[in-house]
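Commentary on secondary and tertiary structure
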Amino acid sequence: MLPSVAPVDPRRFKSFAEFYPFYLSEHRDRTCRRLHFVGSTLGLACLAVLLFTGQWRWLFIGLGCGYLFAWIGHFGFEKNKPASFKRPLYSLLGDWAMYRDIWLGKIKL
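The text that follows walks through the structure, step by step, so that each part is easy to find. Predicted, not measured: the structure shown is a model, and the values here were computed from it. (Residues numbered from 1 in each chain as written. Predicted model: local features only at pLDDT ≥ 70, side-chain atom pairs only at ≥ 80, totals over all residues. Heavy atoms only, no water.)

**Quick notes on the overall build of the protein**
Going by this rule: Numbering of helices and strands runs from the N terminus, with a helix taken as a DSSP run of H or I at least four residues long and a strand as a DSSP run of E at least two residues long. Partly exposed describes any residue whose relative accessible area lies between the buried limit of under 20% and the exposed limit of over 50%, with all areas from a 1.4 Å probe on protein chains only and scaled to the type maximum. Throughout, a contact is declared for two residues whenever any of their heavy atoms are within 4.5 Å. Computed with the Shrake-Rupley method and a 1.4 Å probe, the accessible areas treat only the protein chains shown as cover for residues. Counting rule applied: Lys, Arg positive; Asp, Glu negative; His and chain ends not counted. A charge is said to be at NZ when it belongs to Lys, at CZ for Arg, at CG for Asp and at CD for Glu.
The number of helices and strands found in the protein is 4 helices and 0 strands. Listing the helices and strands of the protein from first to last along the sequence gives α-α-α-α. Expressed as lengths along the three principal axes of its C-alpha atoms, the size of the protein is roughly 55 × 30 × 25 Å. Burial statistics for the protein: of 109 residues in total, 36% are counted as buried. Considering only intrachain contacts with a sequence separation of at least 6, the fraction spanning at least 24 residues in the protein is 71%. For the protein, the exposed area adds up to about 7,300 Å²; of that, 69% sits on carbon and sulfur atoms. Side chains of the protein give 15 positive and 7 negative charges; the mean places of these two sets differ by 2 Å.

Dropping the structure here:
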């Protein structure tokens, strides 16, 4: 039997630079990362539609897409709770940093 490891409280991080490695450790599952990527891409598409049409409902649709896909990834595949419950701003920054790193090839899908 493996020894249990105490869960990390994301509120203990004092900077985003400290937080980001933890954020990535919470996204080890490839399907979870893929779902984050899809949700973020749909969120950006909704933002483009908002800017093009001026219809603010697209902001809420985009946020819904982003969070829905991320939460499916966490609860269904990663089997953990999203860090956004305890560190919402750092988690949002982490999502976009991971999105950038996926496009740059630093993180595999």
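**Considerations on the packing of aromatic side chains**
We count it as follows: When the centres of two rings from Phe, Tyr and Trp lie within 6.5 Å, Trp using its six-membered ring, the rings pair. Their planes under 30 degrees apart give stacked, over 60 give edge-to-face, and anything left gives tilted.
Counting across every chain of the model gives 16 aromatic pairs. For the pair Phe-37 and Trp-103, a centre-to-centre distance of 5.6 Å together with 50° between the ring planes defines the contact as tilted. Pair noted here: Phe-37 is in helix α2 (residues 30–53) and Trp-103 is in helix α4 (residues 88–103), with a separation of 66 residues, a long-range link. Under the relative-accessibility criterion, Trp-103 is labelled exposed at 60%.

**Topic: helix α1 (residues 16–25)**
Every buried residue of α1 is listed here: Phe-19, Tyr-20, Phe-22 and Tyr-23. For α1, the secondary structure elements touched by its buried residues are α2 and α4.

**With respect to the environment of Asp-9**
Position of Asp-9 among the secondary structure elements: in the segment before α1. Sequence separation of Asp-9 and Asp-95 is 86 residues, and the distance between their C-alpha atoms is 18 Å.

**Some remarks on the nonpolar core**
Stated precisely, the cut-off is as follows: What is meant by a nonpolar core is a set of buried Ala, Val, Leu, Ile, Met, Phe, Trp, Tyr and Cys residues, joined one to another through side-chain atoms within 4.5 Å.
Ranked by size, the top nonpolar core spans 13 residues in total, and within it Phe-19, Tyr-20, Phe-22, Tyr-23, Met-98, Ile-102 and Ile-107 carry the most contacts. At 5 residues, α4 tops the list of elements feeding residues into this core. Sequence-distant contacts of Ile-107, defined by excluding residues within four places in its chain, comprise Tyr-20, Leu-24, Arg-33, Met-98, Asp-101 and Ile-102.

**Points about the side chain of His-27**
Where we set the bar: Nitrogen and oxygen atoms within 3.5 Å of one another constitute a polar contact, given that in protein one can donate a hydrogen and the other can accept it, and given that sequence-neighbouring residues count only through two side-chain atoms.
Note on placement: His-27 falls in the loop between α1 and α2. Assessed through its relative accessible area of 3%, His-27 is described here as buried. Within the structure, His-27 has its side chain in polar contact with the side chain of His-36 (distance 3.1 Å).

**Digging into the packing of α2 against α4**
Note the following rule: Each axis is a line fitted through C-alpha atoms, and for a helix only the stretch in contact is used; angles between axes span 0 to 180 degrees, taken between their N-to-C directions. When describing relative orientation, an angle under 35 degrees is termed roughly parallel and one over 145 degrees roughly antiparallel, while 65 to 115 degrees is termed roughly perpendicular and anything else oblique. Each residue gets one label: Ala, Val, Leu, Ile, Met, Phe, Trp, Tyr, Cys and Pro are nonpolar, Asp, Glu, Lys and Arg are charged, and the others, such as Gly, are polar.
The N-to-C vectors of α2 and α4 enclose an angle of 100°; their axes lie 10 Å apart at closest approach. Considered as vectors, α2 and α4 are oriented roughly perpendicular to each other. Between α2 and α4, the residues in contact are Arg-33, His-36, Phe-37, Ser-40, Thr-41 and Leu-44 and Asp-95, Trp-96, Met-98, Tyr-99, Ile-102 and Trp-103, respectively. Along the lines of polarity and charge, the residues of the contact of α2 with α4 split into 7 nonpolar, 3 polar and 2 charged.

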